[in-house]
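Residue-level structural notes
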Amino acid sequence: QVQLQESGPGLVKPSETLSLNCTVSGGSISDYSWSWIRQSPGKGLEWIGNISASARTVYNPSLKSRVTMAVDPSKNQFSLNLNSVTAADTAIYYCTRDGPRGEFSHWGQGTLVTVSS
Amino acid sequence: DIQMTQSPDSLSASVGDRVTITCRASQNIWVYLNWYEQRPGKAPHLLIHSASKLQSGVPSRFSGSGSGTTFTLTINNLQPEDFATYYCQQSSSLPQTFGQGTKLEI
């Protein structure tokens, strides 16, 4: 059974970069595409973007200028960088595995990131 | 972006009841519609994909229907563990978007 686990700092200062990793276990990262999704009280669930095993990325236009995703097949990990953060980026961040029809079939437990000085 | 609107925002029901949640898309999404359940403090998990296909391991009391712009999630014989928040999500076009959620309460 595939499992995903997010990791990274829980507190980021305004204007700095939010960096998270997602480690995949129980399956190869090379067989699927992977997404980041965040959830905040104000904006609900928001898809940030996805990355394929070949490192092709697609980002939400609302965040595109600030987002970078990468994949490391040797570690079975993928990552998210979000720069120039503000309080509006405070949210629970989830990593997911994407299904063939665009569904999010597997989710990590989520990690709360707070943007505050 | 395609806007997804769920109704109602919240719903009260009892164990054993049947409930229906509606999700409407701002444009045609064919059957690219997925449903998720989220329990408090937990990540969402996939219930139904492609409007009506039950995800493996999901109880058969859950069902989905619809196409185009209007979709429904029905839960028969509500169980205590079903009291949660439900979200729809369209995967017809990027960016993928979610409904605002429907909270199912006892």
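The following paragraphs examine the structure supplied in this document. Note that the structure is a prediction, hence the values are computed from the model and not measured. (Residues numbered from 1 in each chain as written. Chains lettered and ligands numbered in written order. Predicted model: local features only at pLDDT ≥ 70, side-chain atom pairs only at ≥ 80, totals over all residues. Heavy atoms only, no water.)

With that settled, the discussion passes to the overall build of chain A. A count of helical and extended segments in chain A gives 0 helices and 11 strands. Secondary structure elements in chain A, listed N-terminal to C-terminal, are β-β-β-β-β-β-β-β-β-β-β. Taking 117 residues into account, the globule formula puts the C-alpha radius of gyration at 13 Å, and chain A, at 13 Å, falls close to it. Burial statistics for chain A: of 117 residues in total, 50% are counted as buried. (Helix = DSSP H or I, 4+ residues; strand = E, 2+ residues; numbered from the N terminus. Rg over C-alpha atoms; globule rule 2.2 N^0.38 Å. Buried < 20%, exposed > 50% of the residue type's maximum accessible area, 1.4 Å probe, protein only.)

So, about the overall build of chain B. Along the backbone of chain B there are 0 helices and 11 strands. Each helix (α) and strand (β) of chain B, taken in turn from the N terminus, gives the series β-β-β-β-β-β-β-β-β-β-β. Against the globule reference of 13 Å for 106 residues, chain B gives a C-alpha radius of gyration of 13 Å, in line with a compact fold. Along the first, second and third principal axes, the C-alpha atoms of chain B reach 35 × 25 × 25 Å. Counting all 106 residues of chain B, 50% fall into the buried class. Element-wise, carbon and sulfur atoms account for 46% of the exposed surface of chain B, whose accessible area totals about 4800 Å². For chain B, the centre of its 7 positive side-chain charges and the centre of its 7 negative side-chain charges are spaced 5 Å apart. (Areas by Shrake-Rupley, 256 points an atom, 1.4 Å probe, with all protein chains shown as cover. Lys, Arg positive; Asp, Glu negative; His and termini not counted. Charge placed at Lys NZ, Arg CZ, Asp CG, Glu CD.)

The subject of this paragraph is the sheet that holds strand β7 (residues 62-67) of chain B. Residue and element names in this part refer to chain B. Taking strand neighbours across the sheet as the criterion, the 4 strands line up as β1-β3-β8-β7 in an open arrangement whose pairing is antiparallel. Unpaired on one side and paired on the other, β1 (4-7) and β7 mark the two borders of the sheet. When strand polarity is set aside, the average angle formed by the axes of neighbouring strands in this sheet is 20°. Across 4 bridges, β1 lies against strand β3 (residues 19-25) in antiparallel orientation. (Pairing = 2+ DSSP bridges. Axes fitted to C-alpha atoms, helices over the stretch in contact; angles between N-to-C directions.)

Before going further, it helps to spend a moment on the layout of surface pockets. Here the largest pocket defines a volume of roughly 480 Å³. In terms of lining residues, the largest pocket is bounded by 21 residues, among which A:Q1, A:H106, A:W107, B:P44 and B:H45 are the most central. Elements that contribute at least two residues to the lining of the largest pocket include exactly β1 (3-7) and β10 (104-107) of chain A together with β4 (33-38) and β5 (45-49) of chain B. Looking at the lining of the largest pocket residue by residue, the classes come out as 7 nonpolar, 11 polar and 3 charged. Volume-wise, the second largest pocket comes out at about 290 Å³. Elements with a minimum of two residues in the lining of the second largest pocket: β5 (44-52) of chain A together with β10 (97-98) of chain B. When residues of the lining of the second largest pocket are assigned to their parent elements, the largest contribution, 4 residues, is made by β5(A). Residue classes in the lining of the second largest pocket are distributed as 6 nonpolar, 8 polar and 3 charged. (1 Å grid on protein atoms, 1.4 Å probe; cavity = no way out; pocket = protein on both sides within 12 Å on 5 of 7 lines; lining within 4 Å. Points joined across faces, edges and corners; volume = space filled by probe spheres on them. Nonpolar A, V, L, I, M, F, W, Y, C, P; charged D, E, K, R; others polar.)

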